[in-house]
Amino acid sequence: MTKKLVILGAGIGGLSVLKELAESKVPLDDPDITMVDEDFSHFLGFTLPWVMLGWRDQASVAITPGSNALAGVRRVQSAVHGIDPTSRTVTLVNGTDVAFDALVIATGARNAIDNIPSLRGTVDNGAAVHFYSADAAAQAHQALRAFTGGRLVVLVTSQPYRCPVAPYEGALLAADLLRDNWVARRHRNRHLHARKASDAFGGPPRGT
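Residues numbered from 1 in each chain as written. Predicted model: local features only at pLDDT ≥ 70, side-chain atom pairs only at ≥ 80, totals over all residues. Heavy atoms only, no water.

Caption draft 1: Molecular detail of the packing of aromatic side chains. The full count for this structure, using the stated rule, is 2 aromatic pairs. Centre to centre, the rings of Phe46 and Trp50 are 5.8 Å apart; their planes meet at 65 degrees, and the pair counts as edge-to-face. For Phe46, a relative accessible area of 47% translates into the label partly exposed. Given a relative accessible area of 11%, Trp50 falls into the buried group. (Phe/Tyr/Trp six-rings, centres within 6.5 Å; stacked < 30°, edge-to-face > 60°. Buried < 20%, exposed > 50% of the residue type's maximum accessible area, 1.4 Å probe, protein only.)

Here it is in C-alpha cells:
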C-alpha cells in the first residue's frame, strides 16, 4: 500500500526532507508526498541583513522552489488550521482534511510582535523596526536611512530567539550604515569606497 507523507512547510526544513529522501537511496515504494505551504516563498535568514543595509531588495532574497525541486510532490498552497494525530489528518483553513501516514512539521518560527505589550503600536508608528522578515528588513533600511540622530536601542524581547548573533550583528551593521549616512551628509561630493562583504555575511561590494 502506498504510504502518504505530508510535509508542512516549503522552507529550508521541508525542502531538506525532500533532498534527503532523494539522496538516501532507501526504497520507499513510491510514496505519495504532499507539501503544504502558505505561499511557497521563503528566505535564508542570513540574507536579511543584506536587505537592511540596502545591498538587496526584499524581492531578490526570496526562495521559491521550482518544478525540479518539487518533482513528484503534490503542492497544496494553504495555511494549516489543525492536526489530529489520532485520525492522522491535517486540517487546512478551508476545512479540507489531508490524510497522512507520516508527518513532517517544518513550519519554522513566526514573529510574535503582538505578544509584547505596546510593541505593535510602536512598530506601526515607525518608532521601532526589526529585520526578522524581508519586508521588515526593507522597512528597517528606510528607517535607518531617515534616522537623523538620537539613541538607537537594540531590544531582545525574550529568550530563546532565532539566530543568537542577530541582535549583535544588527547593531554593528546599523551603526555602520548610520556612520556612512553621517559621512555622506557632510561630504555630498565625496565618493566613498566600496564595501567588501565578508564570506560570513555575503553579498557583492557596493558603493555608498
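Caption draft 2: Molecular detail of a nonpolar patch on the surface. A cluster of nonpolar side chains, namely Val80, Ile83 and Ile105, defines an oily patch on the protein surface of about 240 Å² accessible area. Along the chain, the position of Ile105 falls in strand β7 (residues 102–105). (Patch = residues over 30% accessible without salt bridge, like charges linked within 9 Å, V, L, I, M, F, W, Y side chains within 5 Å. Areas by Shrake-Rupley, 256 points an atom, 1.4 Å probe, with all protein chains shown as cover. Salt bridge = Lys/Arg side-chain N within 4 Å of Asp/Glu carboxyl O. Helix = DSSP H or I, 4+ residues; strand = E, 2+ residues; numbered from the N terminus.)

Caption draft 3: Highlighting the environment of Ala99. Its place among the elements puts Ala99 in strand β6 (residues 97–99). Along the backbone, Ala99 and Ile83 are 16 residues apart, and their C-alpha atoms lie at a distance of 10.0 Å.

Caption draft 4: Region of interest: the sheet that holds strand β4 (residues 80–84). In spatial order, the strands read β4-β5-β6; together these 3 strands make up an open sheet with antiparallel pairing. In the strand order of this sheet, the two ends are held by β4 and β6, each with one partner. Shown here is a sheet whose adjacent strand axes are inclined to one another by a mean of 20 degrees, direction ignored. (Pairing = 2+ DSSP bridges. Axes fitted to C-alpha atoms, helices over the stretch in contact; angles between N-to-C directions.)

Caption draft 5: Fine view of helix α4 (residues 134–146). Taking 1.5 Å as the rise per residue, α4 with 13 residues should run 18 Å; its terminal C-alpha atoms sit 19 Å apart, in good agreement. Considered for burial, the residues of α4 that qualify are Ala134, Ala136, Ala137, Ala138, Ala140, His141 and Leu144. (Expected span 1.5 Å × (residues − 1).)

Caption draft 6: The sheet that holds strand β2 (residues 32–37), seen in detail. Reading across from one edge, β3-β2-β1-β7 is the order of the 4 strands in this open sheet, with parallel pairing throughout. Each edge of the open sheet carries a strand with a single partner, namely β3 (73–77) and β7. Each strand of the sheet is rotated relative to its neighbour by a mean of 20 degrees, with strand direction disregarded. Relative to β3, β2 is paired through 5 bridges, and the arrangement is parallel. Residue Val36 lies in a different strand from β3, and its bridge partner there is Val76. Most of the contacts of helix α1 (residues 12–24) go to β2, to which it runs at about 160 degrees, and overall it touches β1 (4–8), β2, β3 and β7. (Contact = heavy atoms within 4.5 Å.)

Function cannot be inferred from these measures alone, as they are strictly geometric.
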